[in-house]
Amino acid sequence: MVVQNGFETRLVHAGYDGREAADAATPPIYASAAFDMESAERGDAVAGGNVVGFSYSRVANPTVAVLEQRLASLEGGVGAVAVASGMAAVSFALLCAAEGGGRIISPGNLYGASVDAMSSFFPHFGVHTDFVHDINDLHAVESLIGDDTRAIFAESVANPSTDVTDIEPLARLAHSHGIPLIIDNTVPTPYLLRPIEFGADVVVHSTTKGITGHGNAIGGVIIDAGRFDWANGRFPQFTAREQVISDDRGNEWHSFADRFGAEAFIRRIRIKYLRTFGAVESPFNAYLHLVGLETLTQRVRQEVESATVIARHLRTLPHVVRVNYSGLSDDDQKNLVAKYLPEGVGTILSFLVDGDYANVRRIIDATRLFTYIPNIGDARSLIVDPARITHREVPARFRRDAGVSDNLIRLSIGLEDPVDLIADLDQAIAAGYEG
Ligand SMILES: *Cc1c(COP(=O)(O)O)cnc(C)c1O
């Protein structure tokens, strides 16, 4: 069955043909480290990449391949590589573009570990980041572009501020300088936003979050739009000859760009990054991601509806001085939300309370239904204090850019009855100021 239908049909069917798997209705878990290459001739062809087939699960696995093809279809890419976590996806994508002394342009309002990687760890590998205060300030972004700039990176919807990136003009600016735009689309999920439709070249996700939706498996994915010209002179790693994709006995040499064309980036992720760094997605986790993915639309739709009701309610409460849920108010984000996220900005929101950190602590400890957990995108509703937990490792100036102060509380809204969630927040916030 080759399915090229609507989004919800592809959520359930894309990338899987049961006839290749004993007619199993759901994709089986291929718990096999390696695969029979059948004959010397076929082994040579598979190893050389001339025949599509599986040989070793660090490079590709049939269960993981279903997930990869399904996510590529949902985001509108030419290919995808699933990896062991969202951070592996972020790190692989950025290093694959910027390795060998490149620079990245990024805002500071990112997931904590991404900021940590880019500000304090990638520099040890010779990859540096120029941080911009506001990624939607195109003049500021353009002023940072230099000969070594190899990628612009942003989250489509930032966590916990829910600030929206204006992807289309940013992609145009990047492309006018021969630079790719890489977008972390974890918060909205492909149900709410598909960055490739607006010009992004590479999309990454933590599949741990809304894509799986049940908080039961860690994973990540890199998806390639297949439109960027990696042979434009800025990316020597794509035009250098590579033994692993060449035939040195036949003296036939290839680079990733000449061998794979539109798929150069995603092939390089698999053949260099996944194969050598080895942060491979397990087939068991891929199976859990696939099961979760089937209900993405229904879950996210319900969670966005509840999050909207809860955000509106929080604005009426004493001690709540600000609610961050883009699109809710007449702020400067309203037009961006209407353009990119007409079905809603996502399932997380954050709010600022008065008093000090002692009050935040008491609120968190008083919740009964919300669970105190750093994750997002779970069927359970979650609460966290980002300054102490999710953004703890982030330098103060980036915490400011991300709007993370000691008095900020983040919620990830799940599938419970919103009436119960509101009652829990009401009593917890009241308890935060008693005595
Ligand atoms: C959680 C998250 C990550 C990291 O994903 P892991 O699966 O935890 O490694 C990256 N980016 C964003 C926006 C996230 O929310």
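Residues numbered from 1 in each chain as written. Predicted model: local features only at pLDDT ≥ 70, side-chain atom pairs only at ≥ 80, totals over all residues. Heavy atoms only, no water.

Residues of helix α15 (residues 357-366) that are buried include every one of Tyr 357, Asn 359, Val 360, Ile 363, Ile 364 and Ala 366, and no others. Structurally, α15 contributes buried residues whose contacts are with β9 (348-353), β10 (371-372), β11 (382-384), β12 (408-412) and α17 (418-431). A distance of 3.0 Å separates the backbone nitrogen of Ala 358 from a side-chain oxygen at the start of α15, and that oxygen is part of Asp 356. (Buried < 20%, exposed > 50% of the residue type's maximum accessible area, 1.4 Å probe, protein only. Helix = DSSP H or I, 4+ residues; strand = E, 2+ residues; numbered from the N terminus. Contact = heavy atoms within 4.5 Å. Polar contact = N/O pair within 3.5 Å; in protein donor to acceptor, adjacent residues only side chain to side chain.)

Moving on: the site of the ligand. Contacts to the ligand come from 13 residues, most closely from Gly 86, Asp 184, Ser 206, Thr 208 and Lys 209. Residue Ser 206 places a side-chain N or O atom 2.8 Å away from an oxygen atom belonging to the ligand. Measuring from an oxygen atom of the ligand, one finds a side-chain N or O atom of Lys 209 at 2.8 Å. (Near = heavy atom within 4 Å.)

Enumeration over the complete set of coordinates arrives at 11 salt bridges. Between Glu 99 and Arg 268 there is a salt bridge, with the nearest N and O atoms lying 2.8 Å from each other. You can see Glu 99 sitting in the loop between α4 (86-98) and β2 (103-107) and its partner Arg 268 sitting in helix α11 (residues 264-277), a full 169 residues away along the chain. On the basis of relative accessibility, which here comes to 23%, the residue Glu 99 falls in the partly exposed class. Overall, the relative accessible area of 3% leaves Arg 268 in the buried class. As a salt-bridge pair, Arg 267 and Glu 263 come within 3.0 Å of each other at their nearest N and O atoms. (Salt bridge = Lys/Arg side-chain N within 4 Å of Asp/Glu carboxyl O.)

Summed over all chains, the structure comprises 15 aromatic pairs. Judged by centre distance (6.3 Å) and plane angle (45 degrees), the ring pair of Phe 7 and Tyr 191 falls under tilted. On the criterion of sequence distance, the pair formed by Phe 7 in helix α1 (residues 7-13) and Tyr 191 in helix α8 (residues 189-192) is long-range, its members being 184 residues apart. Both rings, one in Trp 230 and one in Phe 238, keep their centres 4.7 Å apart while their planes meet at 25 degrees; by these two values the pair is stacked. Pairwise contacts between aromatic rings join Phe 228, Trp 230, Phe 235, Phe 238 and Phe 265 into one cluster. In this structure, Arg 268 packs its charged tip against the face of Phe 238, placed 5.3 Å from the ring centre. Above the plane of the ring of Tyr 357 lies Arg 388, whose end atom (NZ or CZ) is 3.8 Å from the centre. (Phe/Tyr/Trp six-rings, centres within 6.5 Å; stacked < 30°, edge-to-face > 60°. Lys NZ or Arg CZ within 6 Å of the ring centre and 35° of its normal.)

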